[in-house]
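# Observations on chain architecture
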Amino acid sequence: MTKHIRAILLAAMEEEVKPLLDKLNQESVRPRAIRVPVGKAWLAVSTQGNYLIVKTGVGPVAAATALTWALSMYSPQLIVMTGSAGGLTDNLDVGTVVVGWSYRYWDVDATYFGYEKGQLPGEPELFRITEHSPNRVMETLKEMGLEGKVVLGQIVSGSSFVTPQIAAQITRDFPSAMAVDMESAAVAQVANTFGIPFGAVRAISDIAVDETGEAQYHLGQNMANTAAADVALQIVGYFASRRGLASTRHFSDASIRTAIFYIFGKAQHVEPGDIDTLPDEIVRGIKRHVTDPDTRYDVMSIVAGGYAALKADDTLSLTAKEYDACRAEILAHHHISSGRGQLTWPPTSQTIIKRYNGYWTDALKALGMKTHPGRRRGGLKFDRDDYIHALQDFGADCARKQTTPSYKLYQEWVKAQNKSVPSGAAVRQHFGSWSAAAREAKI
């Protein structure tokens, strides 16, 4: 099990990491260095979520190794690689920021075996930032205010430094390639394996097809690194505001379904099932959230067992209370903390209920599970005035008792009421936090 964070930001060299750290320090985020077995890393705690910044080292192996370590410890919503790159077209100026839409290896050739140039056996022909079309991605970049500030294109990577002669060969083999570096394709491959959205933001430090590129590199590197870092952080910030390039929901529908079947299987003490029977989307969901190979295999087996158990006996079910109790045991077993503001998988029953129209029974029905009669639905729905009136009644009660209104006291107050009022969890979910609810109700 891993700690969930908003994003991992990668850069190969010290000069490419420095602008990221400087910018975050200016925003009072204060990244702190952490001990790592490869490269260097910093953890930045932000109101938009926590970020991991990693200096990977130069080259595809260094970048892939550092990212794989990071994914063994953290589960991000997004991975972004930043830094400089060589331009492959003479209509790019030094300092132009390229956002990669697709990634390929320029120095891979398995065409003898029927693969496309740049395609590794067993891997896609190219790696994409998203399944959306380039036009849709550009629309999103425009929404970020990046229109005219970035270009969208293909980035190719290889293990060799690119001379003008090599650049000419690359442009012949990959006419769509816009920029070349040594890491982006390898990072894209790792991100694709784990099913995590990835994007590279590279600013042009030299024009690789130009004989004067070396001089341009020395003149343009600092400018390029700063420009790339600014755009990378803007994209990560936009994504963290839950409107980004990939899915805006941290937990995909597959992640939610997987969590329910996993805990259902644990609660029912099912026999491990055949993981080969699991749908691909479920496997991807598990890979995203469980990176330890042994734990991942156990989770897959339990999920498969849950599917099999339900197929054999469709009267089996799971209450929200049972779900949360079993979830707490799982997190305790793996020494994982869970609390407000932490995106820990498996998600809470409240997160699932929010996804399924506010009802646990709707989640179970969507999975083909039986539901048990419970409280009348109308009693679970409250409008804004209901929330405000309940909070104000609670505030008045606190004033009479000369106590300070708090979430804990509100929960105790709810239990003592003879009428239907919103629960503490419902209040936090409706307003986003207890403090926001208190401000709205002026208590």
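Residues numbered from 1 in each chain as written. Predicted model: local features only at pLDDT ≥ 70, side-chain atom pairs only at ≥ 80, totals over all residues. Heavy atoms only, no water.

What follows covers helix 8 (residues 280-289). Among the residues of helix 8, Ile-282, Val-283, Gly-285, Ile-286, Arg-288 and His-289 are the ones counted as buried. Packed against the buried residues of helix 8 are strand 1 (3-11), strand 5 (74-87), helix 5 (184-194), helix 7 (253-268) and helix 9 (293-312). (Buried < 20%, exposed > 50% of the residue type's maximum accessible area, 1.4 Å probe, protein only. Helix = DSSP H or I, 4+ residues; strand = E, 2+ residues; numbered from the N terminus. Contact = heavy atoms within 4.5 Å.)

We now examine the environment of Gln-154. For Gln-154, the location among the structural elements is in strand 8 (residues 150-157). What makes Gln-154 buried here is its relative accessible area of 8%. Once you skip the residues sitting within four places of it in the chain, Gln-154 turns out to touch Ser-102, Arg-104, Leu-126, Phe-174, Ser-176, Ala-177, Met-178 and Ala-179. Within the local environment of Gln-154, its side chain forms a polar contact with the side chain of Ser-102, the two groups lying 3.2 Å apart. (Polar contact = N/O pair within 3.5 Å; in protein donor to acceptor, adjacent residues only side chain to side chain.)

Right, let's talk about the nonpolar core for a bit. Ranked by internal contacts, the top residues of the largest apolar core, which has 41 residues, are Ile-8, Leu-52, Ile-79 and Phe-198. Every residue in contact with Ile-79, bar those within four places of it in the chain, is listed here: Ile-8, Leu-10, Leu-67, Leu-71, Val-187, Ala-191, Ile-196, Pro-197, Phe-198 and Gly-199. (Core = buried A, V, L, I, M, F, W, Y, C linked by side-chain atoms within 4.5 Å.)

Structurally, Leu-120 is set in the loop between strand 6 (97-105) and strand 7 (127-128). Leu-120 sits 16 residues away from Arg-104 along the chain, and the two C-alpha atoms are 9.4 Å apart.

The next subject is the pairing of strand 9 (residues 177-181). The two faces of the sheet receive side chains in turn, since in a regular strand these alternate between them. Within strand 9, five of the five residues are buried, which leaves the element mostly enclosed by the surrounding structure. Note: strand 5 against strand 9, two bridges, orientation antiparallel. The residue of strand 9 that forms the bridge with Gly-86 is Val-180. Pairing between strand 8 and strand 9: four bridges, direction parallel. Residue Ser-157 lies in a different strand from strand 9, and its bridge partner there is Asp-181. (Pairing = 2+ DSSP bridges.)

Mapped onto the elements of the fold, Lys-55 is located in strand 4 (residues 51-55). Buried charge without a partner: Lys-55 forms no salt bridge, and the closest opposite charge is Glu-14, 4.5 Å away. With residues near it in sequence (within four places) discarded, Lys-55 still touches Ala-11, Ala-12, Met-13, Glu-14, Val-17, Gly-39, Lys-40 and Trp-42. (Lys, Arg positive; Asp, Glu negative; His and termini not counted. Salt bridge = Lys/Arg side-chain N within 4 Å of Asp/Glu carboxyl O.)

Right, let's talk about the packing of helix 7 against helix 10 (residues 320-333) for a bit. Taken N-terminus to C-terminus, the directions of helix 7 and helix 10 make an angle of 85°; their axes are 10 Å apart at the nearest point. By the angle between their directions, the pair helix 7 and helix 10 is classed as roughly perpendicular. Contact with helix 7, carried on its side by Ala-259, Ile-260, Tyr-262, Ile-263, Lys-266 and Ala-267, involves Tyr-323, Cys-326, Arg-327 and Ile-330 of helix 10 and no other residues of that element. A per-class count over the contact of helix 7 with helix 10 returns eight nonpolar, no polar and two charged. (Axes fitted to C-alpha atoms, helices over the stretch in contact; angles between N-to-C directions. Parallel < 35°, antiparallel > 145°, perpendicular 65-115°, else oblique. Nonpolar A, V, L, I, M, F, W, Y, C, P; charged D, E, K, R; others polar.)

Here we take up the pattern of salt bridges. The tally for this structure, following the rule as stated, stands at eight salt bridges. Across the pair Glu-16 and Arg-202 runs a salt bridge, and its minimum N-O distance is 3.7 Å. Residue Glu-16 is found in helix 1 (residues 14-26), and its partner Arg-202 is found in strand 10 (residues 198-207); the two are separated by 186 residues along the sequence. For Arg-202, the salt bridge goes to Asp-181, with nearest N and O atoms at 2.8 Å. Here Arg-202, found in strand 10, pairs with Asp-181, found in strand 9; they are 21 residues apart in sequence, far enough to count as distant. In this structure Arg-202 comes out as buried when scored by relative accessible area, which is 0%. In the salt-bridge network here, residues are joined through shared partners; they are Glu-16, Asp-181, Glu-183 and Arg-202.

Next up on the list: the packing of helix 13 (residues 384-401) against helix 14 (residues 407-415). Packing of helix 13 against helix 14 brings their axes to within 11 Å, and their N-to-C directions diverge by 100°. In terms of orientation, helix 13 and helix 14 fall into the roughly perpendicular class. For the pair formed by helix 13 and helix 14, the contact residues are Ala-390, Leu-391, Asp-393, Phe-394 and Asp-397 on the first element and Leu-409, Tyr-410 and Trp-413 on the second. Residue composition of the contact of helix 13 with helix 14, grouped by class: six nonpolar, no polar and two charged.

We now examine the packing of aromatic side chains. Aromatic ring pairs: the centre-centre distance and the angle between the two ring planes describe each pair. Evaluation of the coordinates by the stated rule reveals 13 aromatic pairs. Plain terms: the ring middles of Tyr-262 and Trp-345 are 6.0 Å apart, the flat faces sit at 10° to each other, and that makes the pair stacked. A residue pair is termed long-range when its members are at least 10 positions apart, and Tyr-262 in helix 7 and Trp-345 in the loop between helix 10 and helix 11 (349-355) qualify at 83 residues. Per residue, the accessibility class of Tyr-262 equals that of Trp-345, and both read buried. Each ring, one from Tyr-410 and one from Trp-434, has its centre 5.5 Å from the other, and the planes form 45°; the classification is tilted. In this pair, Tyr-410 sits in helix 14 while Trp-434 sits in helix 16 (residues 434-441), placing the two residues 24 residues apart along the sequence. The buried category is assigned to Tyr-410, whose relative accessible area is 0%. On the basis of relative accessible area, Trp-434 is assigned to the buried category, the value being 14%. (Phe/Tyr/Trp six-rings, centres within 6.5 Å; stacked < 30°, edge-to-face > 60°.)

Of all the five residues making up strand 4, five are buried; the element is thus mostly covered by neighbouring parts of the structure. Across the two faces of strand 4 the burial is the same, with Tyr-51, Ile-53 and Lys-55 and Leu-52 and Val-54 all buried. Strand direction decides the pairing type here: strand 1 and strand 4, joined by five bridges, are parallel. The residue of strand 4 that forms the bridge with Ile-8 is Leu-52. For strand 3 (residues 40-44) and strand 4, the ladder comprises five bridges, and the chain directions are antiparallel. From the neighbouring strand, Leu-43 faces strand 4, where its bridge partner is Leu-52.

Locating Gly-148 in the fold gives a position in the loop between helix 3 (134-143) and strand 8. Judged by relative accessible area, which is 78%, Gly-148 ranks as exposed. For Gly-148 and Val-97, which are 51 residues apart along the polypeptide, the C-alpha to C-alpha distance reads 9.9 Å.

Such coordinate-based values are descriptive only and should not be taken to indicate function.
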